[in-house]
Amino acid sequence: MADVSVERPIISHVIFDMDGLLLDTEKFYTQVQEQILARFNKTFDWSLKAKMMGMKAIEAARVFVEETGISDSLSAEDFLVERESMLQSLFPTSELMPGASRLIEHLHAKGVPICLATGSHRRHFELKTQRHGELFKLMHHIVLGDDPEVKKGKPAPDVFLAAARRFEGGPIDSKKILVFEDAPAGAHAAKNAGMNVVMVPDPRLDSSHHAIADQVLSSLSDFNPSEWGLPAFENA
Ligand SMILES: O=P(O)(O)OC[C@H](O)CO
Ligand SMILES: [Mg+2]
């Protein structure tokens, strides 16, 4: 983890992750996965959560059934079917994480180009954001996990590189891009794309996963744009 006194690059463009970073949706995945594992008398823990979060659904599903040793009884595909109806009823209740709207609205108002790069596919994205349309409209563009240019999910850099290409004047130099992520796979994807990454991890995530990030914050509310050459909050 870098010290705050470290000289940071000047950032021109910002990319946001969605699940667990802007929206408090990781808890829904945890809840349904705990429920499914309970059927097999097994428990879901944060070391497995750390491996799955941020990935595309099918990639995370494969990790889940393999790592828990249930793949002979439940295939990755059947796991996705089983959790789907539960997720569909939970996603429309998604709430914003602390500091998310303040930061997005601030960067947008100051003319900093911002976009979203999520592993989530379109159908789930629509459900999760249905109460937050006004805020997500401020994104210059949105790259989803089922986008044809995203061949591999996080930790592969595909989603972030596609996001960098779609800004006006893109592709934008990765060194000038700041990514906000909550997940180890997402932070690795950003670094694999050559970008800077601020990690806002769940406090239950083992701190060994923080090392990849350029900065680690406990909340988006703690972000200081000036440290990255971005316009300061007026009422900071
Ligand atoms: O964290 P995101 O937004 O890339 O989403 C990834 C999955 O949908 C959930 O872990
Ligand atoms: Mg995330």
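The rules we used
Residues numbered from 1 in each chain as written. Chains lettered and ligands numbered in written order. Predicted model: local features only at pLDDT ≥ 70, side-chain atom pairs only at ≥ 80, totals over all residues. Heavy atoms only, no water. Axes fitted to C-alpha atoms, helices over the stretch in contact; angles between N-to-C directions. Helix = DSSP H or I, 4+ residues; strand = E, 2+ residues; numbered from the N terminus. Parallel < 35°, antiparallel > 145°, perpendicular 65-115°, else oblique. Contact = heavy atoms within 4.5 Å. Donors = N, O, S within 2.8 Å, 3.2 Å for Na, K, Ca; no water. Buried < 20%, exposed > 50% of the residue type's maximum accessible area, 1.4 Å probe, protein only. Core = buried A, V, L, I, M, F, W, Y, C linked by side-chain atoms within 4.5 Å. Domains from an automatic or database assignment. Buried area = accessible area lost by both parts, 1.4 Å probe. Salt bridge = Lys/Arg side-chain N within 4 Å of Asp/Glu carboxyl O. Polar contact = N/O pair within 3.5 Å; in protein donor to acceptor, adjacent residues only side chain to side chain. Nonpolar A, V, L, I, M, F, W, Y, C, P; charged D, E, K, R; others polar. Near = heavy atom within 4 Å. Areas by Shrake-Rupley, 256 points an atom, 1.4 Å probe, with all protein chains shown as cover.

Observations regarding the packing of helix 4 (residues 76-90) against helix 6 (residues 122-129)
Moving on, step 1. One way to put it is that helix 4 packs onto helix 6 with a least axis distance of 9 Å and a crossing angle of 30°. With respect to helix 6, the axis of helix 4 lies roughly parallel. Two secondary-structure elements touch here, helix 4 through Glu-84, Leu-87 and Gln-88 and helix 6 through Arg-123, His-124 and Leu-127.

Description of unusual backbone geometry
Moving on, step 1. A cis amide bond, omega 15°, links Lys-154 with the succeeding residue Pro-155.
Moving on, step 2. Looking at the element boundaries, Pro-155 is found in the loop between strand 3 (142-143) and helix 8 (158-165).
Moving on, step 3. The step from Gly-170 to Pro-171 runs through a cis peptide bond, and the omega angle for that step is 5°.
Moving on, step 4. Looking at where Pro-171 falls in the secondary structure, it is placed in the loop between helix 8 and strand 4 (177-181).
Moving on, step 5. The phi dihedral of Asn-41 falls on the positive side, at around 55°, and the residue is not glycine.
Moving on, step 6. If you trace the backbone, Asn-41 turns up in the loop between helix 1 (26-38) and helix 2 (46-52).

A few points about the coordination of the magnesium ion (ligand 2)
Moving on, step 1. Here the magnesium ion (ligand 2) is held by Asp-17 (OD), Asp-19 (O) and Asp-182 (OD), and the distances to it run 2.1 to 2.2 Å.
Moving on, step 2. For the magnesium ion (ligand 2), the single-chain donor residues occur in sequence as D-x1-D-x162-D. One end of the pair, Asp-17, is in the loop between strand 1 (13-16) and helix 1; the other, Asp-182, is in the loop between strand 4 and helix 9 (184-192), and 165 residues separate them in sequence. For the pair shown, Asp-17 and Asp-182 are each scored as buried.

So, the nonpolar core
Moving on, step 1. In terms of nonpolar packing, the biggest core is built from 29 residues, with Val-14, Phe-16, Leu-22, Leu-178, Phe-180, Phe-223 and Leu-230 touching the most fellow members.
Moving on, step 2. Secondary-structure elements contributing two or more residues to this core are strand 1, helix 5 (100-109), strand 2 (114-117), helix 7 (133-136) and strand 4.
Moving on, step 3. In terms of residue count, helix 5 provides more of this core than any other element does, four residues in total.
Moving on, step 4. If near-sequence neighbours (up to four positions away) are discounted, Leu-178 is found in contact with Ile-11, His-13, Val-14, Ile-15, Asn-196, Val-197, Val-198, Phe-223, Trp-228 and Leu-230.
Moving on, step 5. Ranked by size, the runner-up nonpolar core spans 28 residues in total, among them Cys-115, Ile-177, Ala-187 and Met-195.

Points about the domain arrangement of the chain
A common way to report how large an interface is uses the accessible area buried once the components associate.
Moving on, step 1. Its domain assignment divides the chain into domain 1 (13-23 + 94-228) and domain 2 (26-93).
Moving on, step 2. If you average the C-alpha positions of domain 1 and of domain 2, the two centres end up 23 Å apart.
Moving on, step 3. Residue-level contacts link 27 residues of domain 1 with 18 residues of domain 2.
Moving on, step 4. When domain 1 packs against domain 2, the two sides together hide about 1800 Å² of surface, and 55% of this comes from carbon and sulfur.
Moving on, step 5. The tally of links from domain 1 across to domain 2 stands at one salt bridge.
Moving on, step 6. Taken together, the connections running from domain 1 to domain 2 amount to nine residue pairs in polar contact (both at pLDDT 80 or more).
Moving on, step 7. Those elements that provide at least two residues to the side of domain 1 that touches domain 2 are helix 6 and helix 9.
Moving on, step 8. Of the residues that constitute the side of domain 1 that touches domain 2, the class distribution is six nonpolar, 10 polar and 11 charged.

Here we look at the site of ligand 1
Moving on, step 1. With respect to spatial proximity, 13 residues lie near ligand 1, and among them Asp-19, Glu-26, Thr-118, Gly-119 and Lys-154 are the closest.
Moving on, step 2. A distance of 2.9 Å separates an oxygen atom of ligand 1 from a polar atom in the backbone of Gly-54.
Moving on, step 3. In the environment of ligand 1, an oxygen atom lies 2.6 Å from a nitrogen or oxygen atom belonging to the side chain of Thr-118.
Moving on, step 4. Isolated, ligand 1 exposes 300 Å² of accessible area, and the fraction of that covered by the protein chains is 95%.
Moving on, step 5. Within the shell around ligand 1, the residues separate by chemical class into four nonpolar, four polar and five charged.
Moving on, step 6. Residue contributions to the shell around ligand 1 reach at least three from each of two domains, namely domain 1 (13-23 + 94-228) and domain 2 (26-93).

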